[in-house]
Amino acid sequence: MFANCIQEVRKTTPLIHNITNYVTVNDVANVLLACGGSPIMSDEPEDVADITSICGGLNINIGTLNQQSIQAMLIAGKKANELEHVVLLDPVGAGASALRTRTALTLMQELKLDAIRGNISEIKTLALGSGTTKGVDADGADAVTEENLDAMISFAKNFAQKTNNILAITGAIDLVADAQTCYVIRNGRPEMGKITGTGCQLSALMTAFLVANPGQKLEAAAAAVCMMGLAGEIGYGKLQDGEGNATYRNRIIDAIYHMDGKTLEEGAKYEVR
Amino acid sequence: MFANCIQEVRKTTPLIHNITNYVTVNDVANVLLACGGSPIMSDEPEDVADITSICGGLNINIGTLNQQSIQAMLIAGKKANELEHVVLLDPVGAGASALRTRTALTLMQELKLDAIRGNISEIKTLALGSGTTKGVDADGADAVTEENLDAMISFAKNFAQKTNNILAITGAIDLVADAQTCYVIRNGRPEMGKITGTGCQLSALMTAFLVANPGQKLEAAAAAVCMMGLAGEIGYGKLQDGEGNATYRNRIIDAIYHMDGKTLEEGAKYEVR
Amino acid sequence: MFANCIQEVRKTTPLIHNITNYVTVNDVANVLLACGGSPIMSDEPEDVADITSICGGLNINIGTLNQQSIQAMLIAGKKANELEHVVLLDPVGAGASALRTRTALTLMQELKLDAIRGNISEIKTLALGSGTTKGVDADGADAVTEENLDAMISFAKNFAQKTNNILAITGAIDLVADAQTCYVIRNGRPEMGKITGTGCQLSALMTAFLVANPGQKLEAAAAAVCMMGLAGEIGYGKLQDGEGNATYRNRIIDAIYHMDGKTLEEGAKYEVR
């Protein structure tokens, strides 16, 4: 039950260590607070082992990586693994540069990840071991559509099996898969793509859900994806005349702040395949 | 008079150099503009001495410290001391990692600080010289309450005396103390804890108030704390149906933007002990 | 036609690489999305050549420069030059520190810039090769006014000629000049100065306009300046009772999100000199 997943977050206030980009970091912190979690940010190699030790989970986002933060990601990730904390990777821009692709692949090799969340172009890059994307947004030609859905579900399950973690591919249609099961999710609004960082926010949210729901990780990951998309729908409905992407950003976080289990259950649009 | 403190900020437009974390930096800049001050950010060791020289005060916040910014804090702090500028320390996460605790203690030793502002867990860490906190938020077990208020006032005055600066411990009840006098402040809303960076904003605001009111520093620091809390109350009252922590963040800064001396005087809830 | 300039941005979705400060970076990303462009941020020397290669333009902003990002600016700039991409420089705080002044001058020497956008104090610093400013905001004594307008237009054209690029000096009156022609623009609101980063946002917007309008660069730069100022007017008109600078920031980006060519044409206030 998704309602249960969100209640666990609110009951346990998971503290999440975020090594994330400086573009969307403020929204990441506020979305964690909105969902009932608690954020802490640190990307200094000397600081991260201590910080991650007091947390429940680690959210690694390579959006504005640098040599120092890459080192910090590895140190924090290994410490989190040692402590059996949840670790999630958001491979922002994998495929857009050699450094990003290589860093994402290194993190996958060196760390035990619980989940990877990215857009389809990033995930294809990881699956192929190389790639070209047109920036930090997915290439339209790659999109998950109703037409290629069966093939994409197979791709997701296979990649989840190969990497032994939960894979979330988000876009107009979202897929959240492990080796056996794939949630196909149809929440969200296209206008969310006009806000920077909804993906980064979702990765943080998903980390909190995974930490708070150790016994039902796949369902928790899917609940986080539905919650973000549903918040996009609710926030869109609250937009007043003349409000655009800047205000919409706030209305989405506000919707997460107010969302209860019942609203999530009733608004979630998904099938299990 | 608090009204006078705010008028001095608006009249003199203090320029504040902030070496601060990248999570809440935008809100820090906007709150400084809202109160009538002016912000500048720089954390490059080669840049900070020049930058701090043209400012009136320096706000040091260790929220996302790194090796470079720690160096910059020391260089800027020493230059600010040399020029007799106001220097404030916000020891974000002191107690949460060895590096943060050590850095905060080093800054206290190496610099002449005018004020320290933190939550009770951070301040206890500084007082003890070591500590464990559960992140960047105060540990509930440490809180200043009506029950332990007398003891906490003594603690605050003693630590202020020992360190020879103004000490602000903020939480549900705020204490602003020097060696002789302690303001006990009861403004604010619990929902402010669901927004990232209200503490960081307050530290910047307090720096501006200290710079603009050299003849009445303790009162100015207390005025800044009341103003932030009162803005939290006013902003909360402006929330519309469905608005949550993201919009609330803006409404607080908006309330600071519009707050005049009369509103502050009438809304401030404090006793002097 | 300004309407045409904006339509080209919306039609071509220019991808802009931003090496920019961490204070206003989120607003920079959202304003690029609002206008119809697409943002990507990277300031790691090893990452920037790849990232800029997949973009259409490069927006360099020295607001929180450091040794690493300065190196990244030069690497990215040279790669962008090699690929004949648009490169814009926003010399934030030139004149406020030796490092900022020197960095801005070095970037001007080492790179072929298409445009420079700054406030009058920053631009005067670049023209003189040195300077003192009172922070990141223009010194009032330097302002472009109706009284000194003729002289300032000459200054702008001369400096544009000398540097062989488009020069935008923004303030209460904005000047956008090349060697022959100067747009004098009177859009905007004084309250925009109470928001951090409207200048940074404009630089990003201008980069997108230049990329999307290669055949009419001066007009495109002027259109971006008018659009930002007009959005400030429209956003101001949407402010509700009690809303201040934090909400105003969002309303400006929202106004850009909704602005169409007709609104821009009708609202633009400029003369060509």
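Every chain is numbered on its own, with residues counted from 1 as its sequence reads. Both sets of labels track the order of writing: A upward for chains, 1 upward for ligands. Owing to the predicted nature of the model, reporting of local features is limited to residues with pLDDT of at least 70; listing and counting of side-chain atom pairs is limited to 80 or more, with chain, interface and lining totals taken over all residues.

*Asks:* Describe the packing of helix H2 (residues 25-35) of chain A against helix H8 (residues 198-212) of chain A, listing the residues and the values that go with them.
*Replies:* Residues and elements named next belong to chain A. To obtain each axis, a line is fitted to C-alpha atoms, and for helices this fit is confined to the stretch in contact; angles are then taken between N-to-C directions over 0 to 180 degrees. Comment: elements are numbered from the N terminus, with helices defined as DSSP H or I runs of at least four residues and strands as E runs of at least two. As a packed pair, H2 and H8 sit with axes 9 Å apart at the nearest point and diverge in direction by 40 degrees. Judged by the angle between their axes, H2 and H8 are oblique. The handedness of the crossing between H2 and H8 comes out as right-handed. Only Cys200, Gln201, Ala204, Leu205 and Ala208 of H8 make contact with H2, whose side of the interface consists of Asp27, Val28, Val31, Leu32 and Cys35. Of the residues contributing to the contact of H2 with H8, the split by class is 8 nonpolar, 1 polar and 1 charged. Angular relationships are summarised with four words: roughly parallel below 35 degrees, roughly antiparallel beyond 145, roughly perpendicular across 65 to 115, and oblique for the angles in between. Two helices crossing with the near one rotated counterclockwise from the far one by less than a right angle form a left-handed crossing, whereas a clockwise rotation gives a right-handed crossing. In this description, any two residues whose backbone-derived C-beta atoms lie within 7 Å of each other are considered to be in contact. Under the scheme applied here, ten amino acids are nonpolar (Ala, Val, Leu, Ile, Met, Phe, Trp, Tyr, Cys and Pro), four are charged (Asp, Glu, Lys and Arg), and all others, including Gly, are polar.

*Asks:* Outline the relation of the copies chain C and chain B, supporting the account with residue identities and numerical values.
*Replies:* Copy one and copy two of the chain differ by a rotation about a common axis and a shift along it. Take chain C, turn it by 120 degrees, move it 0.0 Å along the axis, and it overlays chain B with an RMSD of 0.0 Å. Read as a symmetry element, the transformation amounts to a three-fold axis. Of the C-alpha atoms belonging to chain C, the one lying closest to the rotation axis is found on C:Tyr22, 3.6 Å away. Looking at chain C, a mere 11% of its interface residues are interface residues in chain B too, so the copies touch through different faces. Least squares is used to superpose the copies, and the fit set is the C-alpha atoms of residues whose pLDDT is at least 70 in both copies.

*Asks:* Any chance you could break down the pairing of strand E4 (residues 86-90) of chain C for me, citing the residues and the numbers?
*Replies:* Residues and elements named next belong to chain C. Burial within E4 is extensive, with 5 of its 5 residues counted as buried. Judged by which residues are buried, E4 turns out to be covered on both faces: Val86, Leu88 and Asp90 on one side and Val87 and Leu89 on the other are all buried. Bridge count for strand E3 (residues 57-61) against E4 is 5 bridges, and the pairing is parallel. Residue pairing across strands places Asn61 opposite Asp90, the latter belonging to E4. Think of it like this: strands point away, you trace from the first strand over the helix to the second, and a clockwise trace means the crossover is right-handed. Note on the crossover from E3 through helix H4 (residues 67-82) to E4: the handedness is right-handed. Two strands form a pair only when DSSP identifies at least two bridges running between them. Alignment of E4 against strand E5 (residues 115-118), held across 2 bridges, turns out to be parallel. Across the sheet, residue Leu89 finds its bridge partner in E5, namely Ile116. After leaving E4, the chain enters helix H5 (residues 98-110) and then returns to the sheet as E5, a path that is right-handed. With C-beta atoms placed from the backbone, a residue is labelled by how many other C-beta atoms lie within 10 Å of its own: buried for 20 or more, exposed for 12 or fewer, partly exposed between the two.

*Asks:* How would you summarise the interface of chain C and chain B if you had to cite specific residues and measurements?
*Replies:* Facing the 27 residues of chain C at the interface are 27 residues of chain B. Only H5 and helix H10 (245-258) of chain C provide two or more residues apiece to the side of chain C that touches chain B. When its residues are assigned to classes, the side of chain C that touches chain B shows 9 nonpolar, 13 polar and 5 charged.

*Asks:* Break down the sheet that holds strand E2 (residues 38-41) of chain B for me, with residues and values.
*Replies:* All names here are of chain B. With respect to topology, 9 strands assemble into an open sheet ordered E2-E1-E3-E4-E5-E6-E7-E8-E9, the strand pairing being mixed. Among the strands making up the open sheet, the edge pair consists of E2 and strand E9 (270-272). Pairs of neighbouring strands in the sheet enclose a mean axial angle of 15 degrees, with direction left out of account. Looking at chain direction, strand E6 (residues 166-169) and strand E7 (residues 174-177) are connected through 3 bridges and run antiparallel. If you follow Ile169 over to E7, its bridge partner there is Leu175. In this fold helix H8 (residues 198-212) packs onto strand E1 (15-19), strand E3 (57-61), strand E4 (86-90), strand E5 (115-118) and E6, with an angle of close to 165 degrees to the strand it touches most, E4.

*Asks:* Describe in detail the interface of chain A and chain C, supporting the description with residues and values.
*Replies:* Taken together, the 28 residues of chain A in the interface contact 27 residues of chain C. Among the secondary structure elements, those contributing two or more residues to the side of chain A that touches chain C are helix H5 (98-110) and helix H10 (245-258) of chain A. Considering every element that reaches the side of chain A that touches chain C, the biggest residue donor is H10(A), with 5 residues. Of the residues that constitute the side of chain A that touches chain C, the class distribution is 9 nonpolar, 13 polar and 6 charged.

*Asks:* Just give me the short version of the relation of the copies chain A and chain C, but keep the residues and values in it.
*Replies:* Note on the copies: chain A fits chain C at an RMSD of 0.0 Å, the axial shift is 0.0 Å, and the rotation between them is 120 degrees. Both copies present different contact surfaces, since only 11% of the interface residues of chain A are interface residues in chain C too.

*Asks:* If you had to explain the nonpolar core to someone new, which residues and values would you point to?
*Replies:* Buried Ala, Val, Leu, Ile, Met, Phe, Trp, Tyr and Cys residues form a nonpolar core when they are connected through C-beta atoms within 7 Å. With 294 residues, the main nonpolar core has A:Ala221, B:Ala221 and C:Ala221 as its most contacted residues. Here B:Ala221 is in contact with B:Ala115, B:Ile166, B:Ala168, B:Val176, B:Met206, B:Phe209 and B:Leu210, once residues within four sequence places are set aside.

*Asks:* Account for the packing of helix H4 (residues 67-82) of chain A against H5(A), with residues named and values stated.
*Replies:* Residue and element names in this part refer to chain A. Where H4 contacts H5, the two axes come as close as 10 Å, and the packing angle between them is 15 degrees. Our classification of the angle between H4 and H5 gives roughly parallel. Seen along the crossing, H4 lies across H5 with a hand that is right-handed. Facing Ile70, Met73, Leu74 and Gly77 of H4, the residues of H5 in contact are Thr103, Leu107 and Glu110. In terms of residue class, the contact of H4 with H5 is built from 4 nonpolar, 2 polar and 1 charged.

*Asks:* Can you break down the environment of A:Leu126 residue by residue, with the values?
*Replies:* Residues and elements named next belong to chain A. Its location among the elements puts Leu126 in helix H6 (residues 120-128). In the structure, Leu126 is positioned 21 residues away from Leu105 in sequence and 6.6 Å away in space, judged by C-alpha atoms. Not counting chain neighbours up to four residues away, the residues in contact with Leu126 comprise Pro91, Ala94, Ala104, Leu105 and Met108.

*Asks:* Just give me the short version of the sheet that holds strand E9 (residues 270-272) of chain C, but keep the residues and values in it.
*Replies:* Residues and elements named next belong to chain C. Pairing in this open sheet of 9 strands is mixed, and the strands run E2-E1-E3-E4-E5-E6-E7-E8-E9 from one edge to the other. Each having just a single partner strand, strand E2 (38-41) and E9 make up the two edges of the open sheet. Strand-to-strand twist across the sheet, computed as the mean angle between neighbouring axes with direction ignored, equals 15 degrees. By the bridge criterion, 4 bridges tie strand E1 (residues 15-19) to E3 in an arrangement that is parallel. Paired with Ile16 across the two strands is Gly57, which belongs to E3. Running at roughly 165 degrees to E4, helix H8 (residues 198-212) makes contact with E1, E3, E4, E5 and strand E6 (166-169) of the sheet.

*Asks:* An account of H4(A) is needed here, citing residue identities and associated values.
*Replies:* Residues and elements named next belong to chain A. Expected span, for any helix, means 1.5 Å times one less than how many residues it has. The end-to-end C-alpha distance of H4, which contains 16 residues, comes to 23 Å, matching closely the 22 Å that a straight helix rising 1.5 Å per residue would cover. Close packing links the buried residues of H4 with strand E1 (15-19), helix H3 (45-53), strand E3 (57-61), strand E4 (86-90) and H5. Following H4 by one or two positions, Glu84 adopts a phi angle in the positive range, close to 60 degrees.

Don't take any of this as a statement about function, it's just geometry.
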